[in-house]
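Listed below, chain by chain, are the residues.
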Amino acid sequence: MTAAGGPPRVRFAPSPTGYFHVGGARTALYNWLVARRLGGAFVLRIEDTDRERSDESWTEGILSALSWLGIDWDEGPYRQSERRDLYDEAARRLYAARLLYACDCQRADVEARNKDNPTPGYDGFCRDRGLEPGPGRALRFRVPDEGVTVVHDVVRGDVEFANSTIEDFVVIKSSGDPLFVLAVVVDDIAMGITHVIRAEEHLPTTPKAVLLWEALEGGALPVYAHLPVLVNEKRQKLSKRRDRVAVEDYRMLGYLPEAMRNYLALLGWAPADGREVLSLAELVDEFRLEDVNVSPAFFDEKRLLHFNGLYIRALDDAEFIDRSQPFLVAPYATWTDETFDPVPFERLAPLVKERVGTLGEVAPMVAFLFAEPFVMDEAAFAKAIANDPGARPILEAAYDVFSASPWDAESLKAELIAIAESAGRKLAKAQAPIRVATMGSAVGLPLFESLQVLGRERARARIAAALEHVGAEQD
RNA sequence: GGCCCCAUCGUCUAGAGGCCUAGGACACCACCCUCUCAAGGUGGAGACACGGGUUCGAAUCCCGUUGGGGCUACCA
């Protein structure tokens, strides 16, 4: 029987042993969606029973990443390191019921005995030795020799494990510290968890959890849901060491949390119709654990980028300007506070918004306005000016005409069209030298609006400088 | 090796026996739009791993093979 009826209580239980990656974020999201949809509770629990590898700074990173994603918790964060008494008590109960036994086997001994064993794992050597618990002795769970343990999983159906294939697993280390499988079950029971939603990699340990849950008389088993793993381009499970997929990295690159959330939600789940852009409210409303896919999904940054662009363009101008602020200072900005001016930025912002995939791309696009000294892309200069014999007359004409022309985008465009005509070029070809001379790049924001904001003096000064530069090179 | 999971375009997926000549999206290609770059529009190429069943009929159900993945710690 599984827990049913009533609002669900779910938990997200990361271990603070490294940076928070997108796989964990997806798991947290799915848990959160289940809780919010059914009016349940989302419990946050830090699984730091491994004192060697756990570090408080990783916990802080997890908390901040969750907050950034808009995933809030109703209880916690609990820390397993502070709940030691509960695990000790559970172990005492299990030992008293003769479900646990002490073991002093060393790994090497077990392996030596298992040399010819076709089904390796702990061989039960200490099962009936009657060793007293104590320092240097681990406590193992006595797994039934026969029968099967079934894991009822909403996404995978029933998964059966023959008890004969489950070894007598350690529950308390020889140091006396509890092992995660015990801590998890004790906590899930104590916290009234109704749904255990986690990554597929935990599926093999789930029968052990079920055995412990029953041994501890935890009542109705939780509903299990093992989500497909997220994989890299080589189809391997995303790993903190191998793959650069920290949520924090995406945040720093200028991804929007709502875009990340939307993308993550679609990794292993899709709404009934073909919609892909879904608001948080829609996600909460439509997400169903039963509809989660079973096969691994590749975390595709290209697709994430697409979603991010969509979300950025959907921002209204004022919000875009507001959200860009953190990305207009170092290390994104190549200028100093003294040379930055919010007014020109805000005037070009609507044009910037249409052209960036991440907020991290904003600063480079407007750097021509603020960076001192002005930075020139030498390759673009060579192509559009130095190696183009027609560039000089165009620049000279622009330099002259711009001295008196009305200074607005429309007039500037008209002037350049006239210059292009007399140079026998189309506007697309004629604008290149001016663009490179004034903006330092062959690509970027629309030229005329940019010139208008740049200002007559600076525009002409840059054209003059380009002329001088090309003159020097040709001498 | 053992246990377990998975298998639709390169990628994320729709598809729950006839609606499939397999739909959408990203990426890719072409064209249109266009002051560059984007964005946008139109079109194109691109998949049911294989073999057996079951059935009047299978991408959908069953079995097998192959392939991929996870776990196999006194990590989580």
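Quick caveat: nothing in here was measured; it's all calculated off a predicted structure.

**Q** For this particular structure, what's the right way to read the overall build of chain A?
**A** Regarding its fold elements, chain A presents 19 helices and 12 strands. Here the C-alpha radius of gyration of chain A, 31 Å, is well above what a compact globule of 475 residues would show, namely 23 Å. Counting only C-alpha atoms and orienting by the principal axes, one finds that chain A spans roughly 100 × 50 × 40 Å. Of all 475 residues assigned to chain A, the portion counted as buried reaches 49%. Separation of charge centres in chain A, based on 55 positive and 74 negative side chains, amounts to 3 Å.

**Q** What should I look at first to understand the environment of A464 in this one?
**A** By secondary structure assignment, the location of A464 is in helix 19 (residues 456-474). A464 gets classed as partly exposed once you look at its relative accessible area, which sits at 27%. Sequence separation between A464 and P433 is 31 residues, and the spatial gap between their C-alpha atoms is 12 Å.

**Q** Looking at this structure, I do not really get the packing of aromatic side chains. What am I missing?
**A** For the structure shown, the criterion picks out 14 aromatic pairs. Measuring from ring centre to ring centre gives 5.4 Å for Y263 and F299, while their planes differ by 75°; the resulting arrangement is edge-to-face. One end of the pair, Y263, is in helix 8 (residues 257-265); the other, F299, is in the loop between strand 12 (297-298) and helix 10 (301-314), with 36 residues separating them in the sequence. With relative accessibility at 4%, the residue F299 sits in the buried group.

**Q** Honestly, the packing of helix 8 against helix 10 in this entry has me stumped. Any pointers?
**A** Axis angle and axis distance: for two packed helices, these are the angle between their axes and the distance between the axes, and together they describe the pair. Viewed as axis vectors pointing N to C, helix 8 and helix 10 meet at an angle of 135°, and their least axial separation amounts to 9 Å. In terms of orientation, helix 8 lies oblique with respect to helix 10. The hand of the helix 8/helix 10 crossing is right-handed. On helix 10, the residues that touch E258, A259, M260, N262 and Y263 of helix 8 are R303, L304, F307, N308 and Y311. Looking at the contact of helix 8 with helix 10, its residues break down into 6 nonpolar, 2 polar and 2 charged.

**Q** I'm lost on the protein's contact with RNA strand B in this one. Help?
**A** In the vicinity of RNA strand B there are 61 residues, among which R156, S174, L179, F180 and R235 approach most closely. Protein-proximal atoms of RNA strand B, defined as those within 4 Å of the protein, fall in sugar or phosphate at a share of 72%. Between RNA strand B and K173 there is a distance of 3.4 Å, counted from a phosphate oxygen to a side-chain nitrogen or oxygen. At 2.6 Å from a base nitrogen of RNA strand B is found a main-chain nitrogen or oxygen belonging to G444. For the surface near RNA strand B, the secondary structure elements donating two or more residues are strand 5 (138-141), strand 7 (157-162), strand 12, helix 10, helix 17 (427-439) and helix 18 (447-454). Residue composition of the surface near RNA strand B, grouped by class: 26 nonpolar, 13 polar and 22 charged.

**Q** Honestly, the packing of helix 14 (residues 378-386) against helix 17 in this entry has me stumped. Any pointers?
**A** Following both chains from N to C, one finds helix 14 and helix 17 inclined at 145°, their axes separated by 9 Å at the closest point. Crossing of helix 14 against helix 17: the hand is left-handed. Contact residues: A380, F381, A384 and I385 in helix 14; A432, P433, V436 and A437 in helix 17.

**Q** I tried to follow the pairing of strand 3 (residues 75-79) on my own but got confused; where do I start?
**A** Each regular strand shows side chains that alternate between the opposite faces of the sheet. With 3 bridges joining them, strand 2 (residues 41-46) and strand 3 adopt parallel strand pairing. Following the sheet pairing, I46 is matched in strand 3 by R79. Once the chain exits strand 2 it traverses helix 2 (residues 56-69) before rejoining the sheet at strand 3, and the crossover so formed is right-handed.

**Q** Is there a simple way to explain the sheet that holds strand 8 (residues 170-172) in this structure?
**A** Pairing within the open sheet is antiparallel, and its 3 strands lie in the order 4-5-8. Sheet topology places strand 4 (100-103) and strand 8 at the edges, where each strand pairs with a single neighbour. Strand-to-strand twist across the sheet, computed as the mean angle between neighbouring axes with direction ignored, equals 45°. Pairing of strand 4 with strand 5, which is carried by 4 bridges, proceeds in the antiparallel orientation.

**Q** Hey, could you run me through the pattern of salt bridges in this one?
**A** Note that side chains of opposite charge can pair when their charged atoms are close. Inspection of every chain in the model, using the stated rule, returns 34 salt bridges. Note that D74 is salt-bridged to R36, the shortest N-O span being 3.2 Å. Pair noted here: D74 is in the loop between helix 2 and strand 3 and R36 is in helix 1 (residues 22-37), with a separation of 38 residues, a long-range link. Here E276 and R303 are joined by a salt bridge, their closest N and O atoms 2.9 Å apart. Of the two residues, E276 sits in the loop between helix 8 and helix 9 (280-286) while R303 sits in helix 10, which places them 27 residues apart along the sequence. Among the charged side chains, a network of salt bridges with common partners joins R11, R45, E47, R83, D187 and D188.

**Q** How should the environment of V277 be read in this particular structure?
**A** Following the sequence through the fold, V277 ends up in the loop between helix 8 and helix 9. Under the relative-accessibility criterion, V277 is labelled partly exposed at 45%. As a C-alpha pair, V277 and G360 span 83 residues in sequence and 22 Å in three-dimensional space. Discounting chain neighbours no more than four positions away, the residues touching V277 are N262, E282, F307, L310 and Y311.

**Q** Got a minute to help me understand the domain arrangement of chain A in this structure?
**A** Note: interface size is frequently given as the accessible area lost on complex formation between the parts. As assigned here, chain A comprises domain 1 (9-77 + 184-230), domain 2 (85-172), domain 3 (247-314) and domain 4 (325-474). Computed over C-alpha atoms only, the centres of domain 1 and domain 2 are separated by 23 Å. Counting from both sides, the interface comprises 20 residues of domain 1 and, opposite them, 22 residues of domain 2. At the boundary of domain 1 with domain 2, total buried surface from both sides reaches about 1,800 Å², with 75% on carbon and sulfur atoms. Our count for the domain 1 to domain 2 interface comes out at 1 salt bridge. R156 is the salt-bridge partner of E200, the closest N and O atoms lying 3.7 Å from each other. Our count for the contact surface shared by domain 1 and domain 2 stands at 5 residue pairs in polar contact (both at pLDDT 80 or more).

Basis of the calculations
- Residues numbered from 1 in each chain as written.
- Chains lettered and ligands numbered in written order.
- Predicted model: local features only at pLDDT ≥ 70, side-chain atom pairs only at ≥ 80, totals over all residues.
- Heavy atoms only, no water.
- Helix = DSSP H or I, 4+ residues; strand = E, 2+ residues; numbered from the N terminus.
- Rg over C-alpha atoms; globule rule 2.2 N^0.38 Å.
- Buried < 20%, exposed > 50% of the residue type's maximum accessible area, 1.4 Å probe, protein only.
- Lys, Arg positive; Asp, Glu negative; His and termini not counted.
- Charge placed at Lys NZ, Arg CZ, Asp CG, Glu CD.
- Phe/Tyr/Trp six-rings, centres within 6.5 Å; stacked < 30°, edge-to-face > 60°.
- Axes fitted to C-alpha atoms, helices over the stretch in contact; angles between N-to-C directions.
- Parallel < 35°, antiparallel > 145°, perpendicular 65-115°, else oblique.
- Left-handed = near helix turned anticlockwise from the far one by under 90°.
- Contact = heavy atoms within 4.5 Å.
- Nonpolar A, V, L, I, M, F, W, Y, C, P; charged D, E, K, R; others polar.
- Near = heavy atom within 4 Å.
- Polar contact = N/O pair within 3.5 Å; in protein donor to acceptor, adjacent residues only side chain to side chain.
- Pairing = 2+ DSSP bridges.
- Right-handed = clockwise from strand over helix to strand, strands pointing away.
- Salt bridge = Lys/Arg side-chain N within 4 Å of Asp/Glu carboxyl O.
- Domains from an automatic or database assignment.
- Buried area = accessible area lost by both parts, 1.4 Å probe.

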